[in-house]
Structures are given as structure tokens and as C-alpha cells.
Amino acid sequence: GQNGPVPVDFRPHPVDARLLRGRRALVTGASSGIGAGVALELAAHGAAVAVVYRSGRAYAQAMADAVRAADGEAVAAPASTPRATPSRCACWRAR
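Throughout this document, residue positions are counted from 1 along each chain, in the order its sequence is written. Thresholds applied to this predicted model are a pLDDT of at least 70 for local features of residues and 80 or more for the giving and counting of side-chain atom pairs; totals over whole chains, interfaces and linings are not thresholded and use all residues. Working from all heavy atoms in the structure, the side-chain values ignore hydrogens and water.

Peer 1: Break down empty space enclosed by the protein for me, citing the residues and quoting the values.
Peer 2: Only protein atoms enter the 1 Å grid, on which a cavity is a set of points fitting a 1.4 Å probe that cannot get out and a pocket is an open set with protein on both sides within 12 Å along at least 5 of 7 lines, lining residues being those with an atom within 4 Å of a point. Grid points are joined across faces, edges and corners, and a volume is the space filled by probe spheres set on the points. Per the stated rule, a full pass over the model turns up one cavity of 30 Å³ or more. By volume, the largest cavity is sized at about 30 Å³. Together, Ala39, Leu40, Ala43, Val49, Val51, Met63, Ala64, Val67 and Ala74 line the largest cavity. Within the residue set of the lining of the largest cavity, elements represented by two or more residues are helix 1 (33-44), strand 2 (48-53) and helix 2 (57-69). For this classification, the nonpolar set comprises Ala, Val, Leu, Ile, Met, Phe, Trp, Tyr, Cys and Pro, the charged set comprises Asp, Glu, Lys and Arg, and every other residue, Gly included, is treated as polar. Residue composition of the lining of the largest cavity, by class: nine nonpolar, no polar and no charged. Put simply, DSSP H or I for four residues or longer makes a helix, DSSP E for two residues or longer makes a strand, and each gets a number counted from the N terminus.

Structural data, given as C-alpha cells:
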């Protein structure tokens, strides 16, 4: 298990470079690797981001928390639940 908070390095772009303000993005596999980088970059450009994870809940939540702490919009969403398909669950949570 993880002890303490998970570090996430997130810095939004300057206001005039936030080209995706008002847009929404759902990024699957966003709790690690390329997916995490894509989710953070979309958020840095001003998009509201759903950080969709299959595993890696702690990091996905830390990413969403870091984006919100910098006045962005983000939510961590599991890719699946016992009663829903992965895409339906993530899309519902991203609304």
C-alpha cells in the first residue's frame, strides 16, 4: 500500500495558452504512462478531464486533486463497475 499522498507535478499553461478551455476530455489509461501525460497536458490547456483508471486509483485521484488545486476541472473515474460497461461508467462520471 501507499503511505501518504501521491506526488503529481501539474502546472497549467498561461491563460492565453489554454486552448481547450470549455472543452471536456475523457482519457482512458490515465493513471500511468502516456495516458497520464495526455490527461495532464489536456488539463494544462484548460480542458475538464476525466482521469479514467482500471487500476492505479490513488494516482488517478492525486492527478484530479492536483488539477483542481490549480483551479482546473478534473475527476478520477473507474473504468468499470460491477453493473456497467467501462465506457458507460466513465462517461456518466465525466458529465
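The structure having been displayed, the exposition proceeds.
Peer 1: Break down helix 1 for me, with residues and values.
Peer 2: In a regular helix each residue adds 1.5 Å, so twelve residues correspond to 16 Å; helix 1 covers 17 Å between its end C-alpha atoms and thus fits that length. Listed in full, the buried residues belonging to helix 1 are Gly35, Ala36, Ala39, Leu40, Ala43 and Ala44. In what follows, a contact means two residues having at least one pair of non-hydrogen atoms within 4.5 Å. Lining the buried residues of helix 1 we find strand 1 (24-27), strand 2 and helix 2. Gly46 sits one or two residues past helix 1 and shows a positive phi near 100°. In a helix, the anticipated span is given by 1.5 Å times the number of residues less one. Each residue is assigned to one of three classes by its accessible area relative to the maximum for its type, calculated with a 1.4 Å probe on protein chains only: buried under 20%, partly exposed between the two thresholds, exposed over 50%.

Peer 1: So what's going on with the layout of surface pockets? Which residues, and what values?
Peer 2: Approximately 240 Å³ is the volume attributed to the largest pocket. Residues of the lining of the largest pocket, tallied by class, amount to eight nonpolar, three polar and six charged.

Everything listed here is a matter of coordinates, which is why it stays silent on function.
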